[in-house]
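# Observations on chain architecture
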Amino acid sequence: MDRISTTGDIEVSTYLEIAKERRGQRAVSRQQRRRMRETVAVIDFGSQYNMLIARRIRECNVYSEMVPYDASWEKVAALNPKGFILSGGPASVYEDGAPMAPSWVYDKHLPVLGICYGMQTLVHQLGGKVTPTPSHEYGHATLNLSTDSPLWFGLPTSMPVWMSHGDLIVETPPGFSALAYTDNSPVAAMGNDQNIYGMLFHPEVAHTPHGKDIIRNFLFDVCGCKGTWTTSNFISDTMGSLREHVGSGKVVCALSGGVDSAVVATLIHRAVGDQLTCIYVNTGLLRRDEVERNLNTFKQHLRMNVVYADASQRFLGKLQGVIDPEKKRRLVGEEFIRVFEEEASRIGQVHFLAQGTLYPDVIESSTPDSKGSARIKTHHNVGGLPSVMNLELLEPLRSLFKDEVREVGAAMGMPDEMVWRQPFPGPGLAIRIIGEVTQEKLEVLRAADWIVMNEIKKAKLYSELWQTFAVLTDARSVGVMGDHRTYGYVVAVRAVTSDDAMTADWARLPYDLLGRISTRIVNEVPGVNRVVYDISSKPPATIEWE
């Protein structure tokens, strides 16, 4: 019989038994860590901004994940939930086929908080009555507390809240009482002695100033959470999980130059060392001098094996004639994977592909993890992935928001220039060129974008803005330059402020700064004769144009 040498000679059968036992021990250790981590699960009924609920929970140092409204208890039980929050959603509970809370929400006798549609679901399922209201309640309202509740601890008896609903609670379920009211909603919040609560307003949004306090009261005074979810715990838990899952396998990481992929690479490298190889692909869709700057940054700060692949002509060929933005994203996502697979094959046997997928990517792409939500756009690294892949995906940041990723990067000692770099989309300039992507348009956009960024940095506003960039529109306009008629490109400038990219506001840039940007673009970029400034917020717009 063949023998395998470890610390001594061991029969193959014995070695396999030892390996099996170790795998079992690793599985047990993962389960023990999950049991030790307190979680409040958010039941997703489809609102586009339900992720804000999970974000507010985590800001209170309690872990949270969103789960579909029809998730099995086995999946949710693995999270070790301390309570449930039922989210908002676009449906009305009295409509045919409206989503309902699963039976385990009630059967497990854990604390429950329903928000907006989530409250209406509680009322409907527990024997109360919900009807359409003749006067919808959208925007600011004044909440008046009518009785004491753990939710109201430390709060004023009257406070502003944000409403967004068209239904009315006309009868509370048996055992429930009204806890607060507004001018239009006599039952704006309710509760019972079984720790089940509901509120029609949205505590997760910034427009409800005391919303985070209400959520904190639910977490600590109702659910009994301790607040043990911290950045350092995430780093140690993630590194441990990566070591167990990867084992002796090899990993390639899709390194883009942004903070997400850089943090992923750093986490994995610290977990498995030289089993990781990073692959940096020049798609031809990057900004001016970005390839050289990124490679220098990787060399100086990451200190890990980085393979450079120039696939610029390949991507440009794939995008030839394509104008639909969703198709652009899918094509870029699929081509990314194919390039990685080919580069990985040159390294040897590789088992895993790591990438910097974040929670907002998942929710906006409407994957099976977020089935209640409508797809806003396909992110190249989520919905844009091919259906058949030769590598297993590693996405250790999949449950984090951008600000949490930056906290992780800072905690690991990564340099500020990487941690605080403004986001840049994976499909690159392909989705900042409206219409077909051509080499000519890429050069025009690169030149305009360089000017925008240069002026923003000179004005010392870079760190205050979430994103700043130029867009090459598909419009042409008539102009006059040097006493001659021109018919040139229209460039749009976009600058937004945000905390998490789920919502964003257009930046009120100084007029003089906008004037300098416009003058420079028109004078320095051939083919452009008009510059406009985008003053749309998210919602209703998205940050990127495509």
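No experiment lies behind these values; they were computed from the predicted model shown. Counting starts from 1 at the beginning of each chain's written sequence and moves along it residue by residue. Local features in a predicted model are, by the rule used here, given only for residues with pLDDT of at least 70; side-chain atom pairs are given and counted only at 80 or more, and totals for whole chains, interfaces and linings are based on all residues. The side-chain quantities take in all heavy atoms of the structure and omit both hydrogens and water.

### A word on helix H7 (residues 231-246)
Put simply, the rule is: Numbering of helices and strands runs from the N terminus; a helix is a DSSP stretch of H or I covering at least four residues, while a strand is a stretch of E covering at least two. The span you would expect from a helix comes to 1.5 Å times its residue count less one. Any residue under 20% of the maximum accessible area for its type is buried, any over 50% is exposed, and the rest in between are partly exposed; the area is computed with a 1.4 Å probe on protein chains only.
For H7, with 16 residues, the first-to-last C-alpha span of 22 Å sits near the 22 Å given by 1.5 Å per residue. By the burial criterion, the buried members of H7 are Phe-234, Ile-235, Thr-238, Met-239, Gly-240, Leu-242, Glu-244 and Val-246.

### Structural notes on the pairing of strand E12 (residues 251-255)
Using the following cut-off: The pairing criterion for strands is at least two bridges between them, as found by DSSP. A right-handed crossover is one whose linking path, passing over the helix from the first strand to the second, runs clockwise when the strands point away from the viewer.
By the criterion of burial, E12 is predominantly enclosed, with five of the five residues buried. Of the two faces of E12, the one carrying Val-251, Cys-253 and Leu-255 and the one carrying Val-252 and Ala-254 are both buried. Both E12 and strand E13 (residues 276-282) contribute to a ladder of five bridges, which runs parallel. Among the inter-strand pairings, Val-252 is bridged to a residue of E13, identified as Thr-277. For the segment spanning E12, helix H8 (residues 259-272) and E13, crossover handedness is right-handed.

### Some thoughts on the packing of aromatic side chains
Defined as follows: Stacked, tilted and edge-to-face are the three classes assigned to paired rings of Phe, Tyr and Trp, where Trp is represented by its six-membered ring and a pair needs centres within 6.5 Å; plane angles under 30 degrees give stacked, over 60 edge-to-face, the rest tilted.
For the structure on display, the rule yields twelve aromatic pairs. Seen in terms of ring centroids, Phe-45 and Tyr-117 are 5.2 Å apart; in terms of plane orientation they differ by 70 degrees. Their pairing is edge-to-face. Of this pair, Phe-45 sits in the loop between strand E3 (39-44) and helix H2 (51-59) while Tyr-117 sits in helix H5 (residues 117-125), placing them 72 residues apart in sequence. Across this residue pair, the class does not change: Phe-45 and Tyr-117 are buried.

### A word on the sheet that holds strand E14 (residues 306-310)
Short version of the rule: Each axis is a line fitted through C-alpha atoms, taken for helices only over the stretch in contact, and angles between the N-to-C directions span 0 to 180 degrees. Contacts are assigned to residue pairs that have any heavy atoms within 4.5 Å of one another.
Strand order in this open sheet of five strands is E14-E13-E12-E15-E16, and the pairing throughout is parallel. Every other strand in the sheet has two partners, leaving E14 and strand E16 (392-394) as the edge strands with one partner each. Averaged over all adjacent pairs, the angle separating strand axes in this sheet is 30 degrees, with direction ignored. Across the sheet, H7 touches E12, strand E15 (352-354) and E16, and the angle it forms with E16 is around 165 degrees. Against the sheet, helix H11 (residues 325-347) makes contact with E12, E13, E14 and E15, and its axis sits at roughly 135 degrees relative to E13, the strand it touches most.

### Observations concerning the packing of H8 against helix H13 (residues 402-411)
Heads up, the rule is: Each angle gets one of four labels, with under 35 degrees taken as roughly parallel, over 145 as roughly antiparallel, 65 to 115 as roughly perpendicular, and the rest as oblique. If you view the pair so one helix is near and one far, a crossing is left-handed when the near helix is turned anticlockwise from the far one by less than a right angle, and right-handed when it is turned clockwise. Amino acids are sorted into nonpolar (Ala, Val, Leu, Ile, Met, Phe, Trp, Tyr, Cys and Pro), charged (Asp, Glu, Lys and Arg) and polar (every other residue, Gly among them).
Contact geometry for H8 and H13: axes closest at 10 Å, N-to-C directions at 45 degrees. In this view, H8 runs oblique relative to H13, as classed from their interaxial angle. Here the hand of the crossing between H8 and H13 comes out left-handed. Along the contact surface, H8 presents Val-259, Asp-260 and Val-263, while H13 presents Lys-402, Val-405, Arg-406, Val-408 and Gly-409. Looking at the contact of H8 with H13 residue by residue, the classes come out as four nonpolar, one polar and three charged.

### With respect to the pairing of E3
A regular strand carries its side chains on alternate faces of the sheet. Counting buried positions along E3 gives six out of six residues, so the element sits mostly inside the fold. Burial along E3 is two-sided: the residues Thr-39, Ala-41 and Ile-43 and Val-40, Val-42 and Asp-44 are all buried. When E3 meets strand E4 (residues 63-68), the two strands line up parallel, connected through six bridges. Opposite Ala-41, over in E4, you have Glu-65 as the bridge partner.

### So, the packing of H7 against H8
Running from N to C, H7 and H8 point in directions that differ by 60 degrees, and their axes come no closer than 9 Å. Our classification of the angle between H7 and H8 gives oblique. As for how H7 packs across H8, the hand of that crossing is right-handed. On H8, the residues touching Phe-234, Ile-235, Thr-238, Met-239, Leu-242, Arg-243 and Val-246 of H7 are Leu-267, Ile-268, Arg-270, Ala-271 and Val-272. In the contact of H7 with H8, the residues fall into nine nonpolar, one polar and two charged.

### Thoughts on the nonpolar core
Here is the rule we go by: The criterion is simple. A nonpolar core is a set of buried Ala, Val, Leu, Ile, Met, Phe, Trp, Tyr and Cys residues joined through side-chain atoms within 4.5 Å.
Counting residues in each nonpolar core, the largest one holds 87 residues, and the members touching the most others are Val-263, Leu-267, Ile-268, Val-281, Leu-397, Leu-509 and Ile-521. Element by element, the count of residues in this core is highest for H8, at nine residues. In terms of nonpolar packing, the next biggest core, distinct from the first, is built from 68 residues, Met-51, Ala-101, Leu-113 and Leu-151 among them.

### Points about helix H9 (residues 290-302)
Counted only if it meets this: Here the arc refers to the set of directions running from the helix axis out to each C-beta atom.
Here H9 is 13 residues long and its end C-alpha atoms lie 17 Å apart, about the 18 Å a rise of 1.5 Å per residue gives. Within H9, the full set of buried residues consists of Glu-290, Val-291, Asn-294, Thr-297, Phe-298 and Leu-302. Seen from one end, H9 has its buried residues packed into an arc of 130 degrees, which puts them on one side. Among the residues trailing H9, Arg-303 stands out with phi positive, at a value near 50 degrees.

### So, the environment of Ile-169
Mapped onto the fold, Ile-169 is located in strand E8 (residues 158-171). Accessibility expressed as a relative area gives 3% for Ile-169, which makes it buried. Residues contacting Ile-169, with those up to four places away along its chain left out, are Met-119, Gln-120, Val-123, Lys-129, Val-130, Val-187 and Leu-200.

### Some thoughts on the confidence of the model for the chain
How we decide: Residue-level confidence of the predictor, termed pLDDT, takes values from 0 up to 100.
Summarising the model, the chain shows a mean pLDDT of 87, and 88% of its residues fall at 70 or more. Predicted confidence is poor over residues 1-16, with pLDDT under 50, and the contacts of this stretch with residues over four places away or in other chains come to 13 contacts. Taken as a whole, residues 366-385 scores under 50 in pLDDT and shows 75 contacts with residues more than four places along the chain or in a different chain.

### Re the pattern of salt bridges
Definition in use: What counts as a salt bridge is simple: a side-chain nitrogen of Lys or Arg found within 4 Å of a carboxyl oxygen of Asp or Glu.
Taken as a whole and judged by the stated rule, the model has 24 salt bridges. Between Glu-343 and Arg-346 there is a salt bridge, and its shortest N-O distance comes to 2.8 Å. Of this pair, Glu-343 and Arg-346 are both found in helix H11, three residues apart, which corresponds to roughly one turn of the helix. Residue Glu-343 is classed as buried on the basis of its relative accessible area of 15%. Arg-346 gets classed as exposed once you look at its relative accessible area, which sits at 59%. In this structure, Glu-455 engages Arg-520 in a salt bridge whose closest nitrogen and oxygen atoms are separated by 3.0 Å. Here Glu-455 is found in helix H15 (residues 439-458), whereas its partner Arg-520 is found in helix H16 (residues 511-524), with 65 residues between them in sequence.

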